Protein chains: 2
Amino acid sequence: MAIKRFSKQRELILSAVMNTTEHPTAEMVYTRLKPENPALSLGTVYRNLNQLVAEGSLIRLPFTVERFDATTAPHAHFLCRECGKVYDIMDICYDPALDDKAQLSSGHVVKQHELFFDGTCVNCTEKM
Amino acid sequence: MAIKRFSKQRELILSAVMNTTEHPTAEMVYTRLKPENPALSLGTVYRNLNQLVAEGSLIRLPFTVERFDATTAPHAHFLCRECGKVYDIMDICYDPALDDKAQLSSGHVVKQHELFFDGTCVNCTEKM
DNA sequence: TCAGTAACAGTAATTATTACTGATTATAAT
DNA sequence: ATTATAATCAGTAATAATTACTGTTACTGA
Ligand SMILES: [Mn+2]
Ligand SMILES: [Mn+2]
Ligand SMILES: [Zn+2]
Ligand SMILES: [Zn+2]
């Protein structure tokens, strides 16, 4: 529904997610943008992140606190249990055969999958 | 730390998760048990679910609302975007080679991974 | 130029989860 | 058995994440 108008804030929010690799939360986006955009509201960040996901410009990563990603092509992720950082795993390419296999064996209509690794990241490993 | 004592409530909560396939949230466990255990408190459910995860009797699935699973061996899951139900995908077996590959290419210490499918479940498909 | 409405900032409300508090109760040593 | 200790409880308050509401601002198209 609802025709979408241009919005300075939405542009800001989208580019903030596009210009980082940290898979930010709504709060992180807000904190990043607030100093240079003092009028920006946290509600606006949430609202626009949801719109950007709805239109396909971002994806939503279902960690227990939601994170957002401007790399909309399917790819794997790694969560460091020590520091909480989220990294892309680029060298494991998306395998559509898994979706077919899951669909065949379960009977559900499988649209896609996400692959989440976890452990301890390089940074945290060095600090030990 | 703290020595663990027997607790009727913890037994209840563990068996509730063990006797269902629905990967319940804390709230679902509470709602299920409350009628026959009117004195049960929601805080008790949260506290014991966390303990049971800590001791390895349950696993925690990091959806945006946390879910719990008594099948602690690694296995894949399917989320229906229509009805929100979570199903096990049993016929895609856990592939430890993926962890090795991710670790080699990223440099992170990879402990494990989770594979989340999503789409529309059989039940919801039939209703269309 | 102005009526209609998308989007905004600010704030209230809702949900999910954890922390606190004083009362119970499992356990183990008397 | 009695009692001492502290784990656990129920109930509730607090915190954190997210969404909804409200009055105002600012595009847009007739
Ligand atoms: Mn990513
Ligand atoms: Mn499962
Ligand atoms: Zn780390
Ligand atoms: Zn369904």
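Note that the coordinates shown come from a computational prediction; the quantities given were computed from them, not determined experimentally.

The rules behind each value
Along every chain, residues carry numbers that run from 1 in the direction the sequence is written. As they are written, the chains are lettered A onward and the ligands numbered 1 onward, keeping that order. Restriction of local features to residues with pLDDT of at least 70 applies here, the model being predicted, together with a cutoff of 80 or more for giving and counting side-chain atom pairs; totals for whole chains, interfaces and linings are based on all residues. Side-chain measures were taken over the full set of non-hydrogen atoms in the model, leaving aside hydrogen atoms and water. Each residue is assigned to one of three classes by its accessible area relative to the maximum for its type, calculated with a 1.4 Å probe on protein chains only: buried under 20%, partly exposed between the two thresholds, exposed over 50%. Secondary structure is summarised from DSSP: a helix means a run of H or I of at least four residues, a strand means a run of E of at least two, and numbering begins at the N terminus for each. Throughout, the arc means that of the directions going from the helix axis to the C-beta atoms. A contact between two residues is defined here by any heavy atoms of the two lying within 4.5 Å. Pairing of aromatic side chains here covers Phe, Tyr and the six-membered ring of Trp, requires ring centres within 6.5 Å, and sorts the geometry by plane angle: under 30 degrees stacked, over 60 edge-to-face, intermediate tilted. We call a residue near a molecule or strand whenever a single non-hydrogen atom of that residue lies within 4 Å of it. Polar contacts, as counted here, are pairs of nitrogen or oxygen atoms within 3.5 Å of one another; within protein the pair requires one atom able to donate a hydrogen and one able to accept it, and residues that are adjacent in sequence qualify only if both atoms are side-chain atoms. Any residue that is not Ala, Val, Leu, Ile, Met, Phe, Trp, Tyr, Cys, Pro, Asp, Glu, Lys or Arg is counted as polar, Gly included; the first ten are nonpolar and the last four charged. DSSP calls a pair of strands paired once it identifies at least 2 bridges connecting them. All domain edges in this entry derive from an automatic or database-based domain assignment. When two parts are brought into contact, each loses some accessible area as probed by a 1.4 Å sphere; the total of that loss over both is the buried area. A pairing counts as a salt bridge when a side-chain nitrogen of Lys or Arg comes within 4 Å of a carboxyl oxygen of Asp or Glu. Because no water is among the atoms considered, metal sites can look incomplete, with donors defined as N, O and S atoms within 2.8 Å of the metal, or 3.2 Å for Na, K and Ca. Working rule for geometry: tetrahedral if four donors all subtend angles between 85 and 135 degrees; square planar for four, octahedral for six, if opposite donors exceed 155 degrees and the others stay between 65 and 115; irregular in every other situation.

K.L.:
What am I meant to see in helix 2 (residues 26-33) of chain B here?
P.N.:
Spacing of three or four residues puts side chains on the same side of an α-helix, whose turn is 3.6 residues. Residues and elements named next belong to chain B. Taken together, the buried positions of helix 2 are Ala 26, Val 29, Tyr 30 and Leu 33. Axial view of helix 2: buried residues confined to an arc of 100°, hence all on one face. Where the residues of helix 2 are buried, they touch helix 1 (8-18), helix 3 (42-54) and strand 2 (67-69).

K.L.:
Help me out: how do you make sense of the packing of aromatic side chains in this one?
P.N.:
Ring pairs (aromatic) are described by centroid distance and by the angle formed between their planes. Enumeration according to the criterion identifies 5 aromatic pairs over all chains in this entry. Taken together, a centroid distance of 6.2 Å and an interplanar angle of 50° make the contact between Phe78(A) and Tyr87(A) tilted. Its relative accessible area of 19% is what places Tyr87(A) among the buried residues. Plain terms: the ring middles of Phe116(A) and Phe116(B) are 6.0 Å apart, the flat faces sit at 70° to each other, and that makes the pair edge-to-face. Pair noted here: Phe116(A) is in strand 5 (residues 109-120) and Phe116(B) is in strand 5 (residues 109-120), and the two residues belong to different chains. Summarising the burial analysis for this pair, Phe116(A) and Phe116(B) share the class buried. An aromatic cluster is defined as three or more aromatic residues linked by ring pairs; in this entry it consists of Phe63(A), Phe116(A), Phe63(B) and Phe116(B).

K.L.:
Which parts of the structure should I look at to understand the protein's contact with DNA strand D?
P.N.:
Not every one of the 17 residues close to DNA strand D is listed here, only the nearest: Tyr46(A), Arg5(B), Ser7(B), Thr44(B) and Arg47(B). When the atoms of DNA strand D within 4 Å of the protein are grouped by moiety, sugar and phosphate amount to 70% of the total. Measuring from a phosphate oxygen of DNA strand D, one finds a side-chain N or O atom of Tyr46(A) at 2.8 Å. Between a phosphate oxygen of DNA strand D and a main-chain N or O atom of Glu66(A), the distance comes to 3.2 Å. The residue makeup of the surface near DNA strand D, split by class, is 4 nonpolar, 7 polar and 6 charged.

K.L.:
Even after reading the chapter, I still don't get unusual backbone geometry, so can you show me in this structure?
P.N.:
Glycine aside, residues mostly have negative phi, and peptide bonds are mostly found in the trans state. A positive phi angle, near 55°, is found at His23(A), a position not held by glycine. Judged by its relative accessible area of 2%, His23(A) falls in the buried class.

K.L.:
Quick question: what am I supposed to make of the protein's contact with DNA strand C here?
P.N.:
Around DNA strand C there are 19 residues in total, and Arg5(A), Ser7(A), Thr44(A), Arg47(A) and Arg5(B) lie nearest to it. Sugar and phosphate atoms constitute 70% of the interface atoms of DNA strand C, taking the interface as everything within 4 Å of the protein. Interatomic distance of 3.0 Å between a side-chain N/O atom of Gln9(A) and a sugar or linking oxygen of DNA strand C. Within the backbone of Glu66(B), an N or O atom sits 3.2 Å from a phosphate oxygen of DNA strand C. Mapped by element, the contributors of at least two residues to the surface near DNA strand C are helix 1 (8-18) and helix 3 (42-54) of chain A together with helix 3 of chain B. Ranked by the residues each element gives to the surface near DNA strand C, the list is headed by helix 3 of chain A, at 4 residues. Split into classes, the residues belonging to the surface near DNA strand C amount to 6 nonpolar, 7 polar and 6 charged.

K.L.:
Help me understand the pairing of strand 4 (residues 86-89) of chain B, please; the structure alone is not making it clear to me.
P.N.:
Both faces of the sheet carry side chains from a regular strand, because those side chains alternate between them. Residue and element names in this part refer to chain B. In this sheet, strand 4 lies alongside strand 3 (residues 76-80) in antiparallel orientation, the contact comprising 4 bridges. By the bridge assignment, His 77 is partnered in strand 4 with Asp 88. Remark: 5 residues form the turn of the hairpin made by strand 3 and strand 4, two consecutive strands paired antiparallel; Gly 84 in that turn has positive phi of roughly 85°.

K.L.:
What should I look at first to understand the domain arrangement of chain A in this one?
P.N.:
Size of an interface: often given as the accessible area lost when the parts come together. Residue and element names in this part refer to chain A. You can read the domains of chain A as domain 1 (8-69) and domain 2 (76-127). Computed over C-alpha atoms, the centres of domain 1 and domain 2 are 22 Å apart. Counting residues at the interface gives 9 residues for domain 1 and 8 residues for domain 2. Taking both sides of the interface into account, the surface hidden between domain 1 and domain 2 amounts to around 630 Å²; carbon and sulfur atoms contribute 65%. Taken together, domain 1 and domain 2 are joined by 0 salt bridges. Summed over the shared surface of domain 1 and domain 2, the result is 5 residue pairs in polar contact (both at pLDDT 80 or more). Where the side of domain 1 that touches domain 2 is concerned, the elements lending two or more residues are strand 1 (59-61) and strand 2 (67-69).

K.L.:
Please explain the coordination of the zinc ion (ligand 3) as it appears in this structure.
P.N.:
Residues and elements named next belong to chain A. Coordination sphere of the zinc ion (ligand 3), protein contribution only: Cys 80 (SG), Cys 83 (SG), Cys 121 (SG) and Cys 124 (SG), at 2.2 to 2.4 Å. Taken together, the 4 donor atoms surrounding the zinc ion (ligand 3) define angles of 105 to 118° at the centre, an arrangement classified as tetrahedral. Donor residues for the zinc ion (ligand 3), ordered by position in the chain, follow C-x2-C-x37-C-x2-C. Of this pair, Cys 80 sits in strand 3 (residues 76-80) while Cys 121 sits in the loop between strand 5 and helix 5 (122-126), and the two are 41 residues apart along the sequence. Each member of the pair Cys 80 and Cys 121 is classed as buried.

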